[in-house]
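Structure at a glance
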Amino acid sequence: MNDVLRRGRLKVYLGAAPGVGKTYRMLDEARRRAARGADVVVGFAECHGRPRTEAMLDGLEAVPRAQCAYRGGYFEEMDLAAVLLRRPEVAVVDEFAHSNVPGGGRNAKRWQDIDELLAAGIDVVTAVNVQHLASLKDVVEKITGVPQHETVPDEVVRHAQQIELIDMPPEGLRRRMAHGNIYTPEKIDAALANYFRPGNLTALRQLALLWVADRVDEALHAYRAEHAIGGVWETRERVVVALTGGPEGDTLIRRAARIADRSAGGDLLAVHVARSDGLAAGVSHASLARQRRLVEDLGGSYHSVVGDGVATALVEFARTENATQLVLGTSRRGRFERFLTGPGTGETVTELSGDIDVHRVTHERAGRGTLLPSRRRTLSTARLIAGPVAGLVLPVLLTVFLAQVRGTVNLTSEALLFLLAVVGVACIGGVTSAVIASVTASLLLNYWFIPPIGQFTLDDPNALLALGVFTVVAATVAAVVDRSLRLSRRSAGATAEAETMSSLAGSIVRGGQTIPALLERTRETFGTESAELVDQPPDHEIGGGVTTVPAGPGAFLVLRGRTLSSSERRVLAAFAAHVGSAVERAQLAEAAAEIEPVKAADRLRTALLRAVGHDLRTPLAAGWAAVTSLRGRDVEFSAEDRDELLATADESMAKLNRLLENLLDLSRLEAGVLPLNLRATSLEEVLPMALADVPDVDLRDVESIPPVLVDPPLLERVIANLAGNAARHTPAGRRVMVTASALGGRVELRVVDRGPGLPTTGRDRLFEPFQRLGDTDNTTGLGLGLALARGLTEAMHGTLTPEDTPGGGLTMVVSLPLAERAEQAGQLDPTATATPGPTA
């Protein structure tokens, strides 16, 4: 039973670039596993005609491939059903990001086939290049100029139990290419000059290394959490800088950034601790916001956490992030203040840091007094000890002093000085210390200064009254001080909570954070092991390190790792409200996204009905009138008149047929079912037919253009629509010009007219269906030409954009991929189907 339920293990060979040898290494592992006695089969391996790779298949059992019929041809795919039926221990399946032939199997993507194998308990070894990772698609296209159409979600790859990077220095890969070990000789020069340029290969290699490093980081974090490892593992330099919002923050941030920059890949993390006892109370939010921007400008990240103590919270955060160094400023408190309040945050952090290096950076405010409230708002241990001691010692010292000046100070002044000492002790040590000081002062004042001097007169009503006054005054002062501290602590707690919520709100406003990002933010802020959103609360909401708060209808925010205090739970409730709002926004956005296609279809239907009322009726009416006249018996037409009527009917039917074809193609594009037959095509093959109906075209620079990867009939339609549109707007005596150029793996075809052009503000609607922007004659058609042209171009992985013609007019630029460049990137897919584009 365990064998049935066990999910297979996935190993991925990640190639930094095509040709680095990932398939070879994958097959080599298959041979080694088979030699050790494992039951290994090859489900699919793509050798690209490379003899050394093909030789690795010798001796390995291969499952016969499935023959899939599509559009009159046959294509080979992995036979998923056969592999599942064979049920080996290990299946080798190449091309992780491959798209299956439509209708050739039950899954659209090979990674979905592999997931079924894993679910059946079969271990899978696969391979993929870094350019096919979904998160890097746009970056790779910017680097190489080649769009990637086959991708695999990053999460699918990250869930692999093993990821092995197959890497090679750029010059070594180019030498392998030059020796003919990757492509055939006729493709080598073009590959070296385009996709395999040293800069491209270096950038792809860096992308692969960074992606794998992040994956290793995730695995390390999970391992440390699973094994409850609290110590720092210095796998990467991570520098945490503590910010209070004070003026020294800029200095600390820049110093920490320099420390992080000393090692490649170092991380800078700035953290601000909001605590309930008021360390951060009174901090300028503007200063924190400015320091946050500085951190982000320097490539770091800003964090805000809640903790009962600054030092403890800082060290816990640093350990959670596996930080190697901690940077904080020296104390702004003077020596006397440090004597009264005990060790500062810096000293405590140093004691708690363990194997984390602590840098205490001097600054211009060091030792000049705090700009913030005292580090402690409750009585410290030092004050709890110092208060009673002062209650005993201070009255004795005052007695010694007054005894030396006896006769110069009267009894009233002596009593007031003792009262002042009692008040001072009350401020230091609270009620208990004040009572000790009042009793001590009363006894000393009674014995040394109230006649008869040298003996106690406790039976004297005046002595008892003095003792009572001292006690009441001391207790009153101590109560006032204690109440002031409680109110200050409460106010500081509210300020800390407000600062934490302000930090969260700022993150949401700046970045529109997703729900997972908000959950991670919540986990990080409260220093817990996990934060998740669930439909039902756990059985034990509080206790065992689990805290649960509602986050909207039918949703609960659950934090695990430690039990939160009541003040932290109040802040957590506000966090949960933000998370609940994010869930509602996501649901509303999803609902709006579902409604938008319906609204767009309704707008399209309305425009279609308006256009059909005139544009389809006109050729239909003209043809109908011509045919009706020819069939009539009451008029005898000459041969010339009959020919003219037949020509009118033929022209009207041809026009009607073109309009209906455009409508049908546009509907197919919207539905994503327009079939494509992409192949290498020269412009000289397409242009003659595309320009046949446009008189006197000025054709330039098309002979030397290499083939492009297109569907020839569709490209012909695109060029014909663009040229016809340009001819309608070109004044008499001027010619439509068509030129072409090749640059960066793409071909740009320009159709130039010398008409009035279009203002920049009106071009957004240029490619909408049923628009005739700039047309003075609204009888020229449905306005589908440009909308269909862009839709067909984008279906062939191209772009269509308008530009101003120098000297006046409009130029339509069609950008298409070179066939050779697309083949090098593995994009030559003859079985593609058009997907709906944004303007189709």
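Since this is a predicted model, take the numbers as computed values, not measurements.

1. Section: the overall build of the protein chain
Check the secondary structure of the protein chain and you find 25 helices and 23 strands. Every one of the 840 residues in the protein chain was classed for burial, and the buried ones make up 45%. Taking the contacts inside the protein chain whose residues are at least 6 apart along the sequence as the reference set, 73% of them involve residues at least 24 apart. Surface summary for the protein chain: the accessible area is close to 41,400 Å², and the carbon and sulfur share equals 56%.

2. Focus on the sheet that holds strand 2 (residues 40-44)
Reading across the sheet, the six strands line up as 3-2-6-7-1-8 and stay open at both edges, with parallel pairing between neighbours. The strands lining the two open edges of the sheet, one partner per strand, are strand 3 (61-62) and strand 8 (162-166). Bridging between strand 2 and strand 3 involves two bridges; their strand directions are parallel. The partner of V42 across the bridge, within strand 3, is A62. Lying over the sheet, helix 2 (residues 22-35) contacts strand 1 (10-15), strand 2, strand 6 (90-93), strand 7 (123-129) and strand 8, oriented at roughly 165° with respect to strand 7.

3. Description of the packing of aromatic side chains
Applying the stated criterion across every chain, the model contains three aromatic pairs. The lysine or arginine in question, R110, covers the ring of F44, its NZ or CZ lying 4.0 Å from the ring centre.

4. Examining the pattern of salt bridges
For the structure shown, the criterion picks out 24 salt bridges. Across the pair R7 and D115 runs a salt bridge whose closest N-O atoms are separated by 2.5 Å. Placement of R7 in the loop between helix 1 (2-5) and strand 1 and of D115 in helix 5 (residues 110-119) is noted, with a sequence separation of 108 residues between them. Residue classification places R7 among the partly exposed positions, given a relative accessible area of 43%. For D115, a relative accessible area of 36% gives the class partly exposed. The shortest N-O distance in the salt bridge between E296 and R292 comes to 3.5 Å. Of this pair, E296 and R292 both sit in helix 12 (residues 285-297), four residues apart, which is roughly one turn of the helix. The class of E296 is partly exposed, set by a relative accessible area of 35%. On the accessibility criterion, R292 (8% relative accessible area) is buried.

5. A word on a nonpolar patch on the surface
A cluster of nonpolar side chains, contributed by I385, V389, L392, V393, L394 and L397, occupies part of the molecular surface with about 530 Å² of accessible area. Mapped onto the elements, I385 comes out in helix 16 (residues 381-404).

6. Examining unusual backbone geometry
In the Ramachandran plot, E95 falls in the positive-phi region, its phi being about 55° despite a non-glycine side chain. You can see E95 is positioned in the loop between strand 6 and helix 5. Judged by its relative accessible area of 24%, E95 is partly exposed.

7. Quick look at a negative patch on the surface
Taken together, E640, D641, D643 and E644 make up a surface patch of like negative charges. By the element assignment, E644 lies in helix 21 (residues 639-671).

8. Section: the sheet that holds strand 20 (residues 737-743)
Spatially, the five strands line up as an open sheet ordered 18-20-21-23-22, and their pairing is mixed. Two strands bound the open sheet, and with one partner strand each, they are strand 18 (698-700) and strand 22 (799-804). Going from strand to strand, the sheet's axes swing by 20° on average, the running direction of each strand aside. Bridge analysis of strand 18 against strand 20 gives three bridges, and the strand direction is parallel. Of the residues in strand 20, the one forming a bridge with D698 is M737.

9. Section: a positive patch on the surface
Taken together, the side chains of R254, R255, R258 and R262 define a basic patch exposed on the protein surface. Assignment of secondary structure puts R262 in the loop between helix 11 (249-261) and strand 10 (267-274). Residue classification places R262 among the exposed residues on the basis of a relative accessible area of 67%.

10. Structural notes on the nonpolar core
Core analysis: the biggest nonpolar cluster contains 64 residues, and F96, L117, V152 and F196 have the highest contact counts within it. The dominant element in this core, judged by the number of residues it contributes, is helix 10 (residues 198-226), at six residues. Not counting residues up to four positions away in its chain, the partners in contact with F196 are P18, L173, R174, M177, Y183, A191 and L201. If you look at the next biggest cluster of nonpolar residues, it comprises 43 residues, including V686, L687, A726 and L786.

11. Focus: the packing of helix 16 against helix 17 (residues 411-448)
Remark: helix 16 packs on helix 17, axes separated minimally by 10 Å, with the N-to-C direction vectors making an angle of 25°. With respect to their mutual orientation, helix 16 and helix 17 come out roughly parallel. Read as a crossing pair, helix 16 and helix 17 show a hand that is right-handed. When its residues are assigned to classes, the contact of helix 16 with helix 17 shows 20 nonpolar, six polar and two charged.

12. As for the packing of helix 8 (residues 170-178) against helix 9 (residues 185-193)
Contact geometry for helix 8 and helix 9: axes closest at 9 Å, N-to-C directions at 160°. It follows from the interaxial angle that helix 8 and helix 9 lie roughly antiparallel. Seen from above, helix 8 lies across helix 9 with left-handed handedness. Contacts between helix 8 and helix 9 involve R174, M177 and A178 from the first element and I188, A191 and L192 from the second. Within the contact of helix 8 with helix 9, the residues separate by chemical class into five nonpolar, no polar and one charged.

13. Brief notes about the side chain of T126
Within the fold, T126 resides in strand 7. Residues within four places of T126 in sequence aside, it is in contact with L10, K11, V12, Y13, M26, V93, D94, F96 and I114.

14. So, the environment of E748
By secondary structure assignment, the location of E748 is in strand 21 (residues 746-752). Put simply, E748 and M812 are 64 residues apart on the chain and 9.9 Å apart in space, counted from C-alpha to C-alpha. Among the polar contacts listed, one links the side chain of E748 to the side chain of R750, at a separation of 3.0 Å.

15. Details of helix 11
A rise of 1.5 Å per residue sets the reference length of helix 11, with its 13 residues, at 18 Å; its end C-alpha atoms lie 18 Å apart and thus fit the reference within 8%. Among all positions in helix 11, only G249, D250, L252, I253, A256, A257, I259 and A260 are buried.

16. So, the environment of G344
Considering the arrangement of structural elements, one finds G344 in the loop between helix 14 (335-341) and helix 15 (345-352). In this structure G344 comes out as buried when scored by relative accessible area, which is 2%. For the pair G344 and S331, spaced 13 residues apart in sequence, the C-alpha separation works out to 6.9 Å.

17. Re the environment of T522
By secondary structure assignment, the location of T522 is in helix 19 (residues 515-526). Along the sequence, T522 and L572 sit 50 residues apart, while their C-alpha atoms lie 8.0 Å from each other. Discounting chain neighbours no more than four positions away, the residues touching T522 are L557, L559, L572, F575 and V579.

18. Description of the confidence of the model for the protein chain
Confidence in the prediction for the protein chain averages 77 pLDDT; 75% of positions are at 70 or higher. A low-confidence stretch, residues 772-783 (pLDDT under 50), is modelled with 34 contacts involving residues beyond four sequence positions or located in other chains.

Conventions used here
- Residues numbered from 1 in each chain as written.
- Predicted model: local features only at pLDDT ≥ 70, side-chain atom pairs only at ≥ 80, totals over all residues.
- Heavy atoms only, no water.
- Helix = DSSP H or I, 4+ residues; strand = E, 2+ residues; numbered from the N terminus.
- Buried < 20%, exposed > 50% of the residue type's maximum accessible area, 1.4 Å probe, protein only.
- Contact = heavy atoms within 4.5 Å.
- Areas by Shrake-Rupley, 256 points an atom, 1.4 Å probe, with all protein chains shown as cover.
- Pairing = 2+ DSSP bridges.
- Axes fitted to C-alpha atoms, helices over the stretch in contact; angles between N-to-C directions.
- Phe/Tyr/Trp six-rings, centres within 6.5 Å; stacked < 30°, edge-to-face > 60°.
- Lys NZ or Arg CZ within 6 Å of the ring centre and 35° of its normal.
- Salt bridge = Lys/Arg side-chain N within 4 Å of Asp/Glu carboxyl O.
- Patch = residues over 30% accessible without salt bridge, like charges linked within 9 Å, V, L, I, M, F, W, Y side chains within 5 Å.
- Lys, Arg positive; Asp, Glu negative; His and termini not counted.
- Charge placed at Lys NZ, Arg CZ, Asp CG, Glu CD.
- Core = buried A, V, L, I, M, F, W, Y, C linked by side-chain atoms within 4.5 Å.
- Parallel < 35°, antiparallel > 145°, perpendicular 65-115°, else oblique.
- Left-handed = near helix turned anticlockwise from the far one by under 90°.
- Nonpolar A, V, L, I, M, F, W, Y, C, P; charged D, E, K, R; others polar.
- Polar contact = N/O pair within 3.5 Å; in protein donor to acceptor, adjacent residues only side chain to side chain.
- Expected span 1.5 Å × (residues − 1).
- pLDDT = per-residue confidence, 0-100.

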